[in-house]
Amino acid sequence: SAVISQKPSRDICQRGTSLTIQCQVDSQVTMMFWYRQQPGQSLTLIATANQGSEATYESGFVIDKFPISRPNLTFSTLTVSNMSPEDSSIYLCSGSWSYNEQFFGPGTRLTVL
Amino acid sequence: AQTVTQSQPEMSVQEAETVTLSCTYDTSESDYYLFWYKQPPSRQMILVIRQEAYKQQNATENRFSVNFQKAAKSFSLKISDSQLGDAAMYFCAYRSASYGNKLVFGAGTILRVKS
């Protein structure tokens, strides 16, 4: 298994500002993903973080709002830009190196005032 | 597109008893993977059990087992000898072996364990 850490674990931000969330995996993974989980809801995939190239975004999510970087096989960042209260959510990073395994970070709880 | 349905928003079980959580999925693929994840209040997603579609034998992990019915597209989770620590949100998830690497999640089932 892999251990995935995220920073920060939580934050309270003002609308109009941006927050960058970091995700660190303790071993190299082939695939990294970013999910959003609104309170009491299931997980929704934002994008697949591709190493050395632009992330692949799901329908409803755009690069200008959620820019993602993945400089190597163990690290990725997600930025939530120009935040509004609707962005208040838990953001989870995930890593995988095979189809039958996928591990998650502890999540970042974001509150936008 | 694949979909995953968990029809039980909430379930309760008495400590030491057995409970079954339901999950159905829709796919036209023959090769895929199915997972059950547990999310306690700490919000850490924990992989409970996984099943490869090409395996006929149902997966088992200690007190957790699945009933995988491929033809019926059903993938239920049985928790035996329930413990207070089993209380959590449980998510069923599907992953294609052919098209991309995305996990598709169900809506989740809240499991409450009574002492």
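Bear in mind that the values here come from a model prediction, so they are computed numbers and not experimental data.

Comments concerning the interface of chain B and chain A
A common way to express how large an interface is: the accessible area buried when the components associate. Chain B puts 22 residues into the contact, and the matching count from chain A is 26 residues. Across the chain B/chain A interface, buried area totals approximately 1900 Å², and carbon plus sulfur atoms make up 49% of it. In terms of surface lost to chain A, no three residues of chain B exceed Arg43(B), Arg95(B) and Asn101(B), which account for 33% of the buried area on that side. Where chain B touches chain A, the interface holds 2 salt bridges. Linking Arg50(B) and Glu101(A) is a salt bridge whose minimum nitrogen-to-oxygen distance equals 3.6 Å.

A short note on the environment of Arg63(B)
All names here are of chain B. The residue arginine 63 is located in the loop between strand S7 (60-61) and strand S8 (64-69) in this model. Leaving out residues up to four positions away in the same chain, arginine 63 has contacts with Lys78, Ile79, Ser80, Asp81, Ser82, Gln83 and Asp86. A polar atom in the side chain of arginine 63 sits 2.8 Å from the side chain of aspartate 86.

Digging into the pairing of strand S10 (residues 88-96) of chain B
Residue and element names in this part refer to chain B. Most of S10 is tucked away, with 9 of its 9 residues classed as buried. The pairing of strand S5 (residues 32-39) with S10 spans 8 bridges and is antiparallel. What sits directly across from lysine 38, in S10, is tyrosine 90. By the bridge criterion, 3 bridges tie S10 to strand S12 (residues 109-114) in an arrangement that is antiparallel. What sits directly across from methionine 89, in S12, is isoleucine 110. Sheet topology places S10 next to strand S11 (residues 103-105); 3 bridges connect them, and they run antiparallel.

Conventions adopted
- Residues numbered from 1 in each chain as written.
- Chains lettered and ligands numbered in written order.
- Predicted model: local features only at pLDDT ≥ 70, side-chain atom pairs only at ≥ 80, totals over all residues.
- Heavy atoms only, no water.
- Contact = heavy atoms within 4.5 Å.
- Buried area = accessible area lost by both parts, 1.4 Å probe.
- Salt bridge = Lys/Arg side-chain N within 4 Å of Asp/Glu carboxyl O.
- Helix = DSSP H or I, 4+ residues; strand = E, 2+ residues; numbered from the N terminus.
- Polar contact = N/O pair within 3.5 Å; in protein donor to acceptor, adjacent residues only side chain to side chain.
- Buried < 20%, exposed > 50% of the residue type's maximum accessible area, 1.4 Å probe, protein only.
- Pairing = 2+ DSSP bridges.

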